[in-house]
Structures are given as structure tokens and as C-alpha cells.
Amino acid sequence: MVAGKTNPQALARAAGAPKLPPLPKLRVRKPDRADANPCIGMMSSVLGCWASQGYSAQGCALLEQQLRTCMDARKPTETKKSNINYHLSRFYPQIVGAHKRK
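Since the structure is predicted, the reported quantities are computational estimates derived from the model, not experimental observations.

J.: Break down the environment of T69 for me, with residues and values.
T.: Note on placement: T69 falls in helix α3 (residues 61-72). Overall, T69 belongs to the partly exposed group, its relative accessible area being 46%. Residues T69 and C39 lie 30 residues apart in sequence; the distance between their C-alpha atoms is 9.5 Å. In terms of polar contacts, T69 uses its side chain to reach the backbone carbonyl oxygen of Q66, at 2.8 Å.

Here it is, written out as C-alpha cells:
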């Protein structure tokens with residue numbers, strides 16, 4: 001316990017806030033990375049069915065049809081570009097604190 005400090009706020013300030021390591025800038029690497037194909041799970045099910053029952057097995061017909069509908073489904077059009085790095089660059093001075101510019 002710190003001498004003369006009785007309330008929790010004063011104790012927290014006396015302990016000091018954790019410091020961030022010096023970073024030139026905050027960035028998220030590849031924020032717009034494409035998501036994995038949603039049909040991959042269905043394809044692995046079809047391949048597993050074929051491996052266990054043979055290629056022309058009637059038991060795999062339902063899985064094959066589900067895979068076809070997934071593959072024929074309309075692909076999403078252009079995705080919006082992530083703006084996370086823009087906001088990180090705006091808030092970085094507030095996080096790190098004031099410092100001299102070179």
C-alpha cells in the first residue's frame with residue numbers, strides 16, 4: 001500500500017498506467033483479406049462421401065446437389081474497403097500522447 005493514498009483512484013494513478021511500446025504507426029495488416037470460399041465445407045463433405053462410398057454412390061447425390069447449388073449461387077459483388085487503418089491513424093496521437101514531430 002502506498003503511504004497517504006487511501007482511495008482507489010489515487011492508488012491506480014500511483015501505480016501508473018501501462019505504457020504502449022513505441023510504434024511508428026498503428027496498422028492492421030491486410031484488413032481487406034478475402035474470406036474463404038463458403039463452399040469449401042460442402043466440397044470436403046462430397047469428397048469424403050466419394051472416398052468412403054465410391055464416386056458413383058447414390059448416397060452422395062444429395063451432397064453433390066447441395067455443392068452445385070452453392071457453387072452456382074450468386075457471388076457477392078464488390079466488398080467495401082475497410083477503413084480501420086484510417087481511424088487508427090487518426091486516433092494514434094491520442095493513444096500515444098503528445099510528442100515532437102521530427
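J.: Please set out the state of the cysteines residue by residue, giving values where relevant.
T.: In the structure shown here, the tally under the stated rule is 2 disulfides. Each sulfur of the disulfide joining C39 and C70 lies 1.9 Å from the other. Since a negative S-S torsion denotes a left-handed disulfide, the C39-C70 link at about -95° is left-handed. Of the two residues, C39 sits in the loop between α1 (8-15) and α2 (40-53) while C70 sits in helix α3, which places them 31 residues apart along the sequence. According to the relative accessible area criterion, C39 is buried, its value standing at 2%. Disulfide pairing places C49 opposite C60 at an S-S distance of 1.8 Å. Looking along the S-S bond of the C49-C60 disulfide, the torsion reads about -90°, which is the left-handed sense. Here C49 is found in helix α2, whereas its partner C60 is found in the loop between α2 and α3, with 11 residues between them in sequence. In this structure C60 comes out as buried when scored by relative accessible area, which is 0%.

Conventions used here
- Residues numbered from 1 in each chain as written.
- Predicted model: local features only at pLDDT ≥ 70, side-chain atom pairs only at ≥ 80, totals over all residues.
- Heavy atoms only, no water.
- Helix = DSSP H or I, 4+ residues; strand = E, 2+ residues; numbered from the N terminus.
- Buried < 20%, exposed > 50% of the residue type's maximum accessible area, 1.4 Å probe, protein only.
- Polar contact = N/O pair within 3.5 Å; in protein donor to acceptor, adjacent residues only side chain to side chain.
- Disulfide = S-S within 2.5 Å.

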